[in-house]
Amino acid sequence: MKKRREDGWTFMETIIVIAIVLILTTTVGFTAIKNIGKARVVSAKTQIDSFVIALESFYIDCGKYPTQEQGLEALVVKPSDDFLSSKWNGPYLYKDIPMDPWGNPYEYVVPGYNEQPYSIRSFGADGYEGGQKDDEDITSWQ
């Protein structure tokens, strides 16, 4: 005959296993949340780098960069400017211009900051100029 103690887990053993699983899940969750901010910054830098490459290709074909009014959309949609539309050989990006990782549009300025022909900027998590850590601006000129 089997003893009653060998039939299965006790209530206390089940509670201990559930507690261990919750502790491990919480630890993994906090670690993942901590890295989301870093992943968004890296994503914004990568997107800005892809815009820079596309803008340089645009410049090679058209002889000038898109105006501020045309914006980054000129990399995807042929500009209505007769001069540019005859030389435009795009699209220079395979997808529409994305929002930054925080859901805000990228800023495209012509002429750019620091005597650059153009500048591209994400305002970071807060959506405003300046800031520190996750709120820090991500730019094409730094």
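Residues numbered from 1 in each chain as written. Predicted model: local features only at pLDDT ≥ 70, side-chain atom pairs only at ≥ 80, totals over all residues. Heavy atoms only, no water.

Student: What should I look at first to understand the packing of aromatic side chains in this one?
Tutor: Describing an aromatic ring pair means giving the distance of the ring centres and the angle of the ring planes. The final tally for this structure, using the stated rule, is seven aromatic pairs. On the basis of an interplanar angle of 25° and a centroid distance of 4.6 Å, the ring pair of Tyr59 and Tyr65 is categorised as stacked. Judged by its relative accessible area of 37%, Tyr59 falls in the partly exposed class. Among the aromatic residues, ring-to-ring pairing joins Tyr59, Tyr65, Tyr108 and Tyr118 into one connected group. (Phe/Tyr/Trp six-rings, centres within 6.5 Å; stacked < 30°, edge-to-face > 60°. Buried < 20%, exposed > 50% of the residue type's maximum accessible area, 1.4 Å probe, protein only.)

Student: Please explain the environment of Ser122 as it appears in this structure.
Tutor: Mapped onto the elements, Ser122 comes out in strand S2 (residues 119-122). At 2.8 Å, the side chain of Ser122 and the side chain of Asp100 are in polar contact. (Helix = DSSP H or I, 4+ residues; strand = E, 2+ residues; numbered from the N terminus. Polar contact = N/O pair within 3.5 Å; in protein donor to acceptor, adjacent residues only side chain to side chain.)

Student: Quick question: what am I supposed to make of the side chain of Asp100 here?
Tutor: With respect to the helices and strands, the residue Asp100 is situated in the loop between helix H2 (82-87) and strand S1 (107-109). As a buried residue without a salt bridge, Asp100 has its nearest oppositely charged side chain in Arg40, at a separation of 8.3 Å. (Lys, Arg positive; Asp, Glu negative; His and termini not counted. Salt bridge = Lys/Arg side-chain N within 4 Å of Asp/Glu carboxyl O.)

Student: For this particular structure, what's the right way to read the layout of surface pockets?
Tutor: In this structure, the largest pocket encloses a volume near 220 Å³. Every residue along the wall of the largest pocket is listed here: Val41, Lys45, Ile48, Asp49, Lys133, Asp134, Glu136, Asp137, Ile138, Thr139, Ser140 and Gln142. Mapped by element, the contributors of at least two residues to the lining of the largest pocket are helix H1 (11-62) and strand S3 (138-139). Of all the elements, H1 adds the most residues to the lining of the largest pocket, at four residues. Split into classes, the residues belonging to the lining of the largest pocket amount to three nonpolar, three polar and six charged. The residue makeup of the lining of the second largest pocket, split by class, is five nonpolar, two polar and two charged. (1 Å grid on protein atoms, 1.4 Å probe; cavity = no way out; pocket = protein on both sides within 12 Å on 5 of 7 lines; lining within 4 Å. Points joined across faces, edges and corners; volume = space filled by probe spheres on them. Nonpolar A, V, L, I, M, F, W, Y, C, P; charged D, E, K, R; others polar.)

Student: Help me out: how do you make sense of the environment of Gly127 in this one?
Tutor: Tracing the backbone shows Gly127 in the loop between S2 and S3. A relative accessible area of 27% places Gly127 in the partly exposed class. Residues Gly127 and Gly103, spaced 24 residues apart in sequence, show a C-alpha to C-alpha distance of 8.9 Å.

Student: Explain H1 here, please?
Tutor: In an α-helix there are 3.6 residues to a turn, and that puts residues three or four apart on one side. Taking 1.5 Å as the rise per residue, H1 with 52 residues should run 76 Å; its terminal C-alpha atoms sit 74 Å apart, in good agreement. Taken together, the buried positions of H1 are occupied by Gly37, Val41, Ala44, Gln47, Ile48, Phe51, Ala54, Leu55, Phe58 and Cys62. Buried positions along H1 lie against H2, S1, S2 and S3. After H1 finishes, the residue Gly63 shows a positive phi value of roughly 85°. (Expected span 1.5 Å × (residues − 1). Contact = heavy atoms within 4.5 Å.)

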